[in-house]
Amino acid sequence: MSYIEQKNHTEVNNNVIIGERNFGKRVLLYCRESRDDNMENYERIETQRDLLLGYCERKGYTNIVNIIMHDNMTGTDFTRLNEIKGMIKNREVDIILMKDSSRLGRNQYEALGFIQFIEEYEVEIEFYERKYDAELFPLEAYFHERRVKDDSQKIRSTLRGKMEKGDLLIRAHYGYKKEDKKLIVDENTAWVVKKIFEKYKQGYGYRAIATMLTEEGIPTPSAYRNNSNRPQASTWIAQHVNRILKNEVYTGTMVSGKTEKVSYKSKKTKRKPECEWIRIENHHEAVIDKETFEIVQGMIDKKQVFAPRSKKPALLSGFMKCGRCGSAMYMIRKKGRLDAYVCGKNFKEGKINEHIEDRGCTPHRVREEVINKAINEHIKNMISNPNYRVCFNSKLKDARAKEISQTSILKKLQQNLSKYKGQYEQVYTDKLDGKIPDFIFEKKSKELENNIKITESQIDEIQSKIDHLNNVETSIDKIDIAMKNIEEKGLCKEAIELLLNKIIVFDKYEIDKEMKDLYNIEDSMFDEIYYNGGIVIDMRYNVQHAMSNRWLRNRS
């Protein structure tokens with residue numbers, strides 16, 4: 001018998017022996033394909049299946065109990081193997097067959113845990129490409145996990161680069177549509193966004209605006225998109241309104257990179273510090289001007305309260321404070337009773353409990369009609385008072401004079417900085433040309449570096465002062481306009497936001513000397529509030545005002 005004949009005869013006999021030995025063994029075929037391997041599908045999952053079926057045929061595995069195929073499923077999620085574990089626990093599997101060790105997964109800890117699990121049930125694992133090696137497998141599992149980590153870092157870098165270029169990687173925000181990765185104003189919905197901001201400025205709360213939009217038959221953001229793969233809300237809710245009001249995208253600024261995955265092993269995300277966000281101003285056309293957006297954010301920060309049943313805005317919600325405990329005061333609207341503000345602590349915890357420390361408070365009840373009228377009259381008195389104009393003009397003149405002075409100083413510092421940098425470059429050039437020795441270069445360069453550092457710090461400080469003066473000047477102008485609007489149109493939420501810091505409500509015997517000095521209250525008015533109760537109006541950029549309960553009652 002020739003060598004070739006002997007070889008073929010041996011192979012046939014070996015296959016027969018292997019086939020007999022493997023006959024009846026229950027084999028489970030496992031295939032997994034994921035785009036996270038090379039950020040794309042590089043082979044069809046059916047190709048894996050066919051390779052494994054061919055392997056079974058050669059090995060004589062005829063009892064294939066199941067073929068599990070996980071297409072486009074990440075290797076870091078091991079919950080996908082729960083079905084296999086269940087079959088193993090039920091003693092339905094003898095061998096698990098897969099293309100290679102990376103198909104099991106790309107998490108070393110989980111992969112080793114799975115191997116330990118199947119060994120406890122005496123289940124074998126085989127790979128198409130190479131024989132399973134118990135000693136080598138932990139090292140293979142480590143490299144599989146490392147590859148996922150590297151790919152994750154590459155993907156993050158790629159995505160951040162696209163964000164920094166201004167590419168829109170998510171669906172368009174409500175009020176916009178997406179064209180070539182850019183945001184374009186959607187006239188079909190932009191007017192709804194404008195309406196939401198306008199209503200909030202008027203004092204309507206989240207729920208009131210949501211109810212209004214639903215009653216008018218305006219489709220919700222999800223209903224408007226009409227994506228059959230996503231749930232669609234049939235009615236507007238407070239959260240819809242809240243998200244729109246807080247979204248800076250409507251000012252033309254794109255803000256991205258707010259969140260990131262906890263790790264490449266988890267789908268959970270965490271919020272990144274604001275300093276790490278990617279912010280691109282003037283990225284697209286604005287729907288809301290920045291001034292309106294800032295006013296609304298200020299109103300939101302005051303945590304305004306609204307009684308949705310009446311659909312009537314509470315103009316002073318967020319400004320009313322309890323003089324005893326400092327809590328915000330709630331607007332209470334009840335049928336058969338006049339609308340009024342009450343202490344939030346009293347509303348939540350009830351009256352003062354002498355046996356429990358810091359428990360409860362008194363109502364500090366103030367009728368809405370009375371306090372609105374008092375604020376209106378106070379502002380009108382200020383407008384009609386000639387000292388008001390003198391006060392504002394004086395502050396405006398002072399701010400402008402300081403701004404001119406600081407701008408002059410800033411210009412000189414910038415000239416000095418340019419000079420120091422020029423000298424540093426010259427010293428460095430002289431060293432390279434051999435005109436000065438090293439010890440002179442080190443001395444002069446350190447001196448100039450110190451001058452540059454100090455000057456840059458001074459420039460930052462002066463620029464900060466100029467910015468503050470600009471804000472003061474702008475604020476004074478805004479307040480002046482707000483007061484004129486109140487005189488012509490009456491009290492409105494936007495004007496209150498510009499004029500008031502807070503309104504403090506005191507019951508009798510609560511106000512103290514510290515408050516008297518802080519708000520510059522006259523002796524006679526202080527006594528009135530102390531013995532009868534009253535309010536202190538804390539205004540922006542102006543003198544404060546106090547009034548007693550007796551004064552309020554006379555105007556109710």
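Residues numbered from 1 in each chain as written. Predicted model: local features only at pLDDT ≥ 70, side-chain atom pairs only at ≥ 80, totals over all residues. Heavy atoms only, no water.

Concerning the sheet that holds strand 13 (residues 340-343)
Point 1. What the 3 strands build is an open sheet, ordered 12-13-14; its pairing is antiparallel. Looking at the sheet topology across the chains shown, the edges are occupied by strand 12 (329-332) and strand 14 (366-367).
Point 2. Bridge count for strand 13 against strand 14 is 2 bridges, and the pairing is antiparallel. Residue pairing for strand 14: Ala 340 is matched across the bridge by Arg 367. (Pairing = 2+ DSSP bridges. Helix = DSSP H or I, 4+ residues; strand = E, 2+ residues; numbered from the N terminus.)

A word on the state of the cysteines
Point 1. One pass over the full model with this rule turns up 0 disulfides.
Point 2. Here Cys 31 is not cross-linked by a disulfide; its sulfur's nearest cysteine counterpart is in Cys 56, at 10.0 Å.
Point 3. On the basis of relative accessible area, Cys 31 is assigned to the buried category, the value being 0%. (Disulfide = S-S within 2.5 Å. Buried < 20%, exposed > 50% of the residue type's maximum accessible area, 1.4 Å probe, protein only.)

Things to note about the sheet that holds strand 1 (residues 26-33)
Point 1. Spatially, 4 strands are ordered 2-1-3-4 in an open sheet, and the strand pairing comes out parallel. Two strands lie at the open edges of the sheet, namely strand 2 (63-71) and strand 4 (124-127), each paired on one side alone. On average, each strand axis in the sheet is inclined to that of its neighbour by 20°, with strand direction left out of account.
Point 2. Relative to strand 2, strand 1 is paired through 8 bridges, and the arrangement is parallel. Across the sheet, Arg 26 pairs through a bridge with Asn 63, a residue of strand 2. (Axes fitted to C-alpha atoms, helices over the stretch in contact; angles between N-to-C directions.)

Let's talk about unusual backbone geometry
Point 1. Even without being a glycine, Asn 72 presents a positive backbone phi close to 55°.
Point 2. Structurally, the position occupied by Asn 72 is in the loop between strand 2 and helix 3 (82-89).
Point 3. Assessed through its relative accessible area of 39%, Asn 72 is described here as partly exposed.
Point 4. Of note, Asn 282 is a non-glycine position whose phi angle comes to about 55°, a positive value.
Point 5. Tracing the backbone shows Asn 282 in the loop between strand 10 (278-280) and helix 11 (290-301).
Point 6. Look at Asn 282 and you get exposed, because its relative accessible area is 68%.

Points about empty space enclosed by the protein
Point 1. The tally for this structure, following the rule as stated, stands at 1 cavity of 30 Å³ or more.
Point 2. The computed volume of the largest cavity comes to approximately 30 Å³.
Point 3. As for the largest cavity, its lining consists of Phe 127, Arg 130, Lys 131, Tyr 132, Asp 133, Leu 136, Phe 137 and Glu 140.
Point 4. Here the residues of the lining of the largest cavity are counted per class, giving 4 nonpolar, no polar and 4 charged. (1 Å grid on protein atoms, 1.4 Å probe; cavity = no way out; pocket = protein on both sides within 12 Å on 5 of 7 lines; lining within 4 Å. Points joined across faces, edges and corners; volume = space filled by probe spheres on them. Nonpolar A, V, L, I, M, F, W, Y, C, P; charged D, E, K, R; others polar.)

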